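Chain by chain, the residues run as shown.
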Amino acid sequence: VALADAEFIQPHLKSRLINDKEYGFRHALVRDAAYGLLMPGDLTTGHRLAGEFLIEAGEYDDAMIAEHFERSGDQRRAATYYSRAASDGLARGNYAGALRQVERGLACQPHGEVLGQLSSVESYVLLVLDRYERMGEVTGVALQELKAGSLGWCRAIFPAFFIAINHQDAARIGELVSLLLSTEPDPEARA
């Protein structure tokens, strides 16, 4: 039986995969039943392979790729793709969506640059949404984890200024001004 002839799956009207047909389950209950037939190790392997396939196929939905890696147990790769999805949401002005991706990425317990990127997006979104409760903490993480002058670092410096000005912390303002003046922004950050 060909995939298209099966009773439980159907071709999508449009495929996001270049030169490839895309299929899906006809109903979520069918999908859940099919998943229930698989052993946990098979699910883990299947999600890892799905994530890798989507990358190779040119999938543009980083959140979808991240979810596959998260389900496969690869928290490091999941956090990386959630970070990309958060940055994309921010660039499109989808602040609530960007925060959702940040939360999902942080749940993967990232370190280093990925943690810095997630924190950078979160700090900027919190500034835009006038939600200051965590802004100081996440701004500090972003500035610490990211290379000075990178896009994420430059994005986080503005909330840092806001916090310093709001607290009337002249010493911190001077420190940030000095840091900013001595930093050459990356080409990506200049754009």
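Thresholds, definitions, all that
- Residues numbered from 1 in each chain as written.
- Predicted model: local features only at pLDDT ≥ 70, side-chain atom pairs only at ≥ 80, totals over all residues.
- Heavy atoms only, no water.
- Phe/Tyr/Trp six-rings, centres within 6.5 Å; stacked < 30°, edge-to-face > 60°.
- Helix = DSSP H or I, 4+ residues; strand = E, 2+ residues; numbered from the N terminus.
- Buried < 20%, exposed > 50% of the residue type's maximum accessible area, 1.4 Å probe, protein only.
- Axes fitted to C-alpha atoms, helices over the stretch in contact; angles between N-to-C directions.
- Parallel < 35°, antiparallel > 145°, perpendicular 65-115°, else oblique.
- Left-handed = near helix turned anticlockwise from the far one by under 90°.
- Contact = heavy atoms within 4.5 Å.
- Nonpolar A, V, L, I, M, F, W, Y, C, P; charged D, E, K, R; others polar.
- Core = buried A, V, L, I, M, F, W, Y, C linked by side-chain atoms within 4.5 Å.

**Description of the packing of aromatic side chains**
Using the criterion set out here, one finds two aromatic pairs in the structure. With centroids separated by 5.9 Å and ring planes inclined at 35°, the aromatic side chains of Phe 69 and Tyr 81 adopt a geometry described as tilted. Residue Phe 69 is located in helix H3 (residues 62–72), and its partner Tyr 81 is located in helix H4 (residues 75–91); the two are separated by 12 residues in the primary sequence. Of the two residues, Phe 69 and Tyr 81, neither departs from the other in class, the shared state being buried.

**Regarding the packing of helix H7 (residues 135–145) against helix H8 (residues 151–166)**
It is the contact of H7 with H8, at a shortest axis distance of 9 Å, that shows an interaxial angle of 140°. The angle between the axes of H7 and H8 places the two elements in the oblique class. Of the two possible hands of crossing, H7 and H8 adopt the one that is left-handed. Along the contact surface, H7 presents Met 135, Gly 136, Thr 139, Ala 142 and Leu 143, while H8 presents Trp 153, Ala 156, Ile 157, Pro 159, Ala 160, Phe 162 and Ile 163. Residues that form the contact of H7 with H8 fall into these classes: 10 nonpolar, two polar and no charged.

**Considering the nonpolar core**
Counting residues in hydrophobic clusters, the biggest one holds 20 residues, and the most contacted among them are Val 121 and Val 125. When residues of this core are traced back to their parent elements, those giving at least two are H3, H4, helix H5 (95–106) and helix H6 (112–128). Per element, the largest residue contribution to this core is six residues, and it comes from H4. Leaving out residues up to four positions away in the same chain, Val 125 has contacts with Leu 90, Tyr 95, Ala 98 and Leu 99.

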